[in-house]
Amino acid sequence: MTNMNTSFSGPAVLDGERITMSLYLDPSQHYLDHHRVGGMPLLGNAMAIEAMATAAALTGEAGDLCIQCVQGPNPCFVQTPRTIHVGAERKGDRIDCQVFNGTEGREEVYFTSAMSFGAFHAPSALVPDCPGKTVSGGEVYRLYFHGPAFRVVESAWLEGEIMFARMNRTLPPVFNKGLPVTAPRLIELCLQTAGLWEIAVSGRMLIPEQIGLIVLYKKVDEYSTELTAAARKGRNGMNIILFDSEGRICVEVIDYRTAPLPFSVDENAIQKLKSQF
């Protein structure tokens, strides 16, 4: 976690317990160019978490990563290259993080979270058999807006009340250079799988609003390891796990909540995808 050979590491300033890191956003990079809403590059939740984790790791902490209360009060569109900031401030046993722009008292906050590092015991999952009938990633991305670097779903299927999605292992790099600190596309697969559950069960297409908890238990190679996400409705939102072919859980997302889209989507396309599950 402390390896700073990443694309999101920039000049950082230490002020007491707070680290402020500059973050240069280039819309030609895959993490923005392949994540467009209404044609405009948008910094998504998974990549904002990557930015906040990069700043949090500058505190010297390491280990499994627990991320709480992820919220995105304002969208961060990036039509031209620009620099924003990521703050990480230690408060007891947690590190409060935010992605923002502007100066103190006049900030526009895009994302916030609380992070902690440690050694967390990962539960195990039963590995399901892939059924004969699945929905292909090609069908999913006729509706979903994601570009090639975020077309993380290879196939998906609904089994009872659980939506499963298999990870696409032929993705282009998310960064033009450098390595991620977290596993942004594994988080992305979790969120997209929850979105497919919403479409299949309720016929609605929604966007992220808040994530109660994310735990990253282990670093895995998304290209060489068969990975599957499983999403189901919980009491306070969607709960998702992502596990490998031996049932070892790599990522857990708890209490993921969504909100209505701020733009219109072809209702017929939503219902067409829903009918395939």
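Bear in mind that the values here come from a model prediction, so they are computed numbers and not experimental data.

1. Digging into the packing of helix α4 (residues 184-202) against helix α5 (residues 267-275)
Orientation of α4 relative to α5, taken along the N-to-C sense of each, is 90°, at an axis distance of 8 Å. The angle between α4 and α5 places the two elements in the roughly perpendicular class. Packed against α4, whose contacting residues are Leu196, Ile199, Ala200, Val201 and Ser202, the element α5 presents Ile270, Leu273 and Lys274 at the interface. Class assignment for the residues of the contact of α4 with α5 results in 6 nonpolar, 1 polar and 1 charged.

2. Quick notes on the layout of surface pockets
Put simply, the largest pocket is a space of about 740 Å³. As for the largest pocket, its lining consists of 33 residues, and the residues nearest its centre are His35, Leu42, Asn45, Ile207 and Pro208. Partitioning the lining of the largest pocket into residue classes produces 21 nonpolar, 10 polar and 2 charged.

3. Concerning the packing of aromatic side chains
Within this structure, the stated rule accounts for 3 aromatic pairs. Seen from their ring centres, Tyr31 and Phe175 are 5.5 Å apart, and the 70° between their planes marks the pair as edge-to-face. With a gap of 144 residues between them, Tyr31 in helix α1 (residues 30-33) and Phe175 in the loop between β11 (162-167) and α4 connect regions that are remote in the sequence. Tyr31 gets classed as buried once you look at its relative accessible area, which sits at 3%. Judged by centre distance (6.0 Å) and plane angle (70°), the ring pair of Tyr141 and Tyr144 falls under edge-to-face. Across the pair, Tyr144 and Tyr141 agree in class, each one buried.

4. Some points on the environment of Leu186
Position of Leu186 among the secondary structure elements: in helix α4. The exposure class assigned to Leu186 is buried, which follows from its relative accessible area of 1%. Apart from residues lying up to four places away in sequence, Leu186 is in contact with Met167, Val220, Glu222, Leu227, Leu242 and Val251.

5. Points about the environment of Ala57
Assignment of secondary structure puts Ala57 in helix α2 (residues 45-57). Sequence separation between Ala57 and Ile95 is 38 residues, and the spatial gap between their C-alpha atoms is 9.6 Å.

6. A look at the pattern of salt bridges
According to the stated counting rule, one finds 11 salt bridges in the structure shown. With its nearest N and O atoms 2.8 Å apart, the salt bridge here joins Arg36 to Asp33. The class for Asp33 is partly exposed, based on a relative accessible area of 27%. Where salt bridges share partners, they join Lys91, Arg94 and Asp96 into one cluster.

7. Details of the side chain of Glu252
With respect to the secondary-structure elements, Glu252 resides in strand β15 (residues 249-260). For Glu252, which is buried and forms no salt bridge, the nearest opposite charge comes from Arg232, at a distance of 11 Å. One polar contact links Glu252 to Tyr217, side chain to side chain, over a distance of 2.7 Å. Apart from the residues lying within four places of it in its own chain, the contact partners of Glu252 are Pro123, Leu213, Ile214, Val215, Tyr217, Ile240 and Ile241.

8. Some remarks on the side chain of Glu188
Mapped onto the fold, Glu188 is located in helix α4. Among residues more than four places away in sequence, those in contact with Glu188 are Ala46, His146, Phe150 and Val152.

9. What to know about the confidence of the model for the chain
Interpretation of the predicted coordinates at a detailed level should be avoided for regions scoring low in pLDDT. Here the chain averages 89 in pLDDT, and 95% of its residues register 70 or above. In the predicted structure, residues 1-5 sits below a pLDDT of 50 and forms 19 contacts with residues beyond four places in sequence or in another chain.

Conventions adopted
- Residues numbered from 1 in each chain as written.
- Predicted model: local features only at pLDDT ≥ 70, side-chain atom pairs only at ≥ 80, totals over all residues.
- Heavy atoms only, no water.
- Axes fitted to C-alpha atoms, helices over the stretch in contact; angles between N-to-C directions.
- Helix = DSSP H or I, 4+ residues; strand = E, 2+ residues; numbered from the N terminus.
- Parallel < 35°, antiparallel > 145°, perpendicular 65-115°, else oblique.
- Contact = heavy atoms within 4.5 Å.
- Nonpolar A, V, L, I, M, F, W, Y, C, P; charged D, E, K, R; others polar.
- 1 Å grid on protein atoms, 1.4 Å probe; cavity = no way out; pocket = protein on both sides within 12 Å on 5 of 7 lines; lining within 4 Å.
- Points joined across faces, edges and corners; volume = space filled by probe spheres on them.
- Phe/Tyr/Trp six-rings, centres within 6.5 Å; stacked < 30°, edge-to-face > 60°.
- Buried < 20%, exposed > 50% of the residue type's maximum accessible area, 1.4 Å probe, protein only.
- Salt bridge = Lys/Arg side-chain N within 4 Å of Asp/Glu carboxyl O.
- Lys, Arg positive; Asp, Glu negative; His and termini not counted.
- Polar contact = N/O pair within 3.5 Å; in protein donor to acceptor, adjacent residues only side chain to side chain.
- pLDDT = per-residue confidence, 0-100.

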